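Residue-level listing of the chains:
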Amino acid sequence: FPEKERSEETEMTAYDQLMTFIDALEAKLTANSSSIGSPSQIIERDEDPAVLAKSPHLLPTLIVIPLSDKPDRVTMPIMGGDSFEEEQHDFSVLVIGYHLMADVEKATRRTNLEHAYNCSDIFRGSGAHFSGGHVYGKSIDVGYFVMVDNVIFRYMLTLNCRLIA
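The following refers to the structure shown. Just so it is clear, the model here is predicted, and its values are computed rather than measured.

Reading guide: rules and limits
Residues numbered from 1 in each chain as written. Predicted model: local features only at pLDDT ≥ 70, side-chain atom pairs only at ≥ 80, totals over all residues. Heavy atoms only, no water. Helix = DSSP H or I, 4+ residues; strand = E, 2+ residues; numbered from the N terminus. Contact = heavy atoms within 4.5 Å. Areas by Shrake-Rupley, 256 points an atom, 1.4 Å probe, with all protein chains shown as cover. Core = buried A, V, L, I, M, F, W, Y, C linked by side-chain atoms within 4.5 Å. Buried < 20%, exposed > 50% of the residue type's maximum accessible area, 1.4 Å probe, protein only. Expected span 1.5 Å × (residues − 1). Arc of directions from axis to C-beta. Phe/Tyr/Trp six-rings, centres within 6.5 Å; stacked < 30°, edge-to-face > 60°. Lys NZ or Arg CZ within 6 Å of the ring centre and 35° of its normal. Salt bridge = Lys/Arg side-chain N within 4 Å of Asp/Glu carboxyl O. Pairing = 2+ DSSP bridges.

**Quick notes on the overall build of the chain**
Phase 1 of the analysis: When helices and strands are tallied, the chain shows three helices and seven strands.
Phase 2 of the analysis: Each helix and strand of the chain, ordered N terminal to C terminal, gives the series α-β-α-β-β-β-α-β-β-β.
Phase 3 of the analysis: In the chain, the share of contacts with a sequence separation of at least 24, taken over all contacts with a separation of at least 6, comes to 64%.
Phase 4 of the analysis: Surface accessibility of the chain: about 9,300 Å² in total, with carbon and sulfur atoms responsible for 51%.

**Quick notes on the nonpolar core**
Phase 1 of the analysis: Ranked by internal contacts, the top residues of the largest apolar core, which has 26 residues, are Leu25, Leu29, Val95, Phe123 and Leu159.
Phase 2 of the analysis: Elements with a contribution of two residues or more to this core: α1 (14-31), β2 (61-66), β4 (88-101), α3 (106-121) and β7 (150-164).
Phase 3 of the analysis: Per element, the largest residue contribution to this core is seven residues, and it comes from β7.
Phase 4 of the analysis: Setting aside residues no more than four positions away along its own chain, Leu29 makes contact with Ile36, Ile42, Leu62, Val64, Val95, Cys119, Ile122 and Phe123.

**Concerning α1**
Phase 1 of the analysis: Across its 18 residues, α1 extends 26 Å between first and last C-alpha, which sits within 8% of the 26 Å expected from 1.5 Å per residue.
Phase 2 of the analysis: For α1, the complete set of buried residues consists of Leu18, Phe21, Ile22, Leu25, Glu26 and Leu29. Viewed along the axis of α1, the buried residues span an arc of 135 degrees, placing them on a single side of the element.

**A look at the packing of aromatic side chains**
Phase 1 of the analysis: Here the structure, examined in full by the defined rule, presents four aromatic pairs.
Phase 2 of the analysis: Relative to Phe130, the ring of Phe21 has its centre 4.6 Å away and its plane inclined at 10 degrees; by these criteria the two rings are stacked. Taken together, the residues Phe21 in helix α1 and Phe130 in strand β5 (residues 129-130) connect sequence positions 109 residues apart.
Phase 3 of the analysis: Between Tyr98 and Phe145 the ring centres are 6.3 Å apart and the planes differ by 85 degrees, which places this aromatic pair in the edge-to-face class. Placement of the pair is Tyr98 in strand β4 and Phe145 in strand β6 (residues 133-147), with a sequence separation of 47 residues.
Phase 4 of the analysis: For Tyr98, a relative accessible area of 1% translates into the label buried.
Phase 5 of the analysis: Phe145 gets classed as partly exposed once you look at its relative accessible area, which sits at 22%.
Phase 6 of the analysis: An aromatic cluster of three or more residues is present, and its members are Phe21, Phe91, Phe123 and Phe130.
Phase 7 of the analysis: The cationic tip of Arg162 hangs over the ring face of Tyr136; the distance from NZ or CZ to the ring centre is 4.3 Å.

**Examining the pattern of salt bridges**
When the charged atoms of two side chains lie near each other, side chains of opposite charge can form a pair.
Phase 1 of the analysis: Going through the model one piece at a time under the given rule, you end up with four salt bridges.
Phase 2 of the analysis: With a shortest N-O distance of 3.8 Å, Asp90 and Arg73 are connected by a salt bridge. Separated by 17 residues along the polypeptide, Asp90 in strand β4 and Arg73 in strand β3 (residues 73-75) bring together distant segments of the chain.
Phase 3 of the analysis: Between Arg162 and Asp90 there is a salt bridge; the shortest N-O distance is 2.5 Å. Here Arg162, found in strand β7, pairs with Asp90, found in strand β4; they are 72 residues apart in sequence, far enough to count as distant.
Phase 4 of the analysis: The exposure class of Asp90 is buried, given its relative accessible area of 4%.

**So, the pairing of β6**
Consecutive side chains of a regular strand alternate in pointing toward one face of the sheet and then the other.
Phase 1 of the analysis: Where β5 lies against β6, two bridges are found, and the strand directions are antiparallel. By the bridge assignment for β6, Phe130 is matched with Gly133.
Phase 2 of the analysis: Between β5 and β6, which follow one another and run antiparallel, lie two residues, and Ser131 among them has a positive phi close to 50 degrees.
Phase 3 of the analysis: The sheet contact formed by β6 and β7 spans 14 bridges and is antiparallel. For Val146, the partnering residue across the bridge sits in β7 and is Val151.

Written as structure tokens, this is what we have:
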């Protein structure tokens, strides 16, 4: 295939497109914060629940981890013309919600489950398509743990994402 010159001014790198997608994902979480338990912060960082358990005033908190549990699988179609330059990126983003629980009774647990499913619903239907990519699958894992005398409900929403770069 002949090499094409890439214009630095007109084309974003794959990294730039990925970060734009992640920023848009975080903006969607912020815009819908009241339906997901009004987190005090939505931060992009590695998971460290011990830090949150020592500072329960930070809860509820959402953690966003791009490329969390799977590598970015890049597929390049074999076609003629200019289309060979497109790459399809399949990757996951992990959204972890931490909420302080007064107890593990049914009502408290259901409220926290509601936050988890509301978070999932943000990326449903037309909400799954944004910033040049889309969420094509997802899974929810829930549980709770006790740290430093605090009961913390945790949900992990794994978003399977696709981006054409």
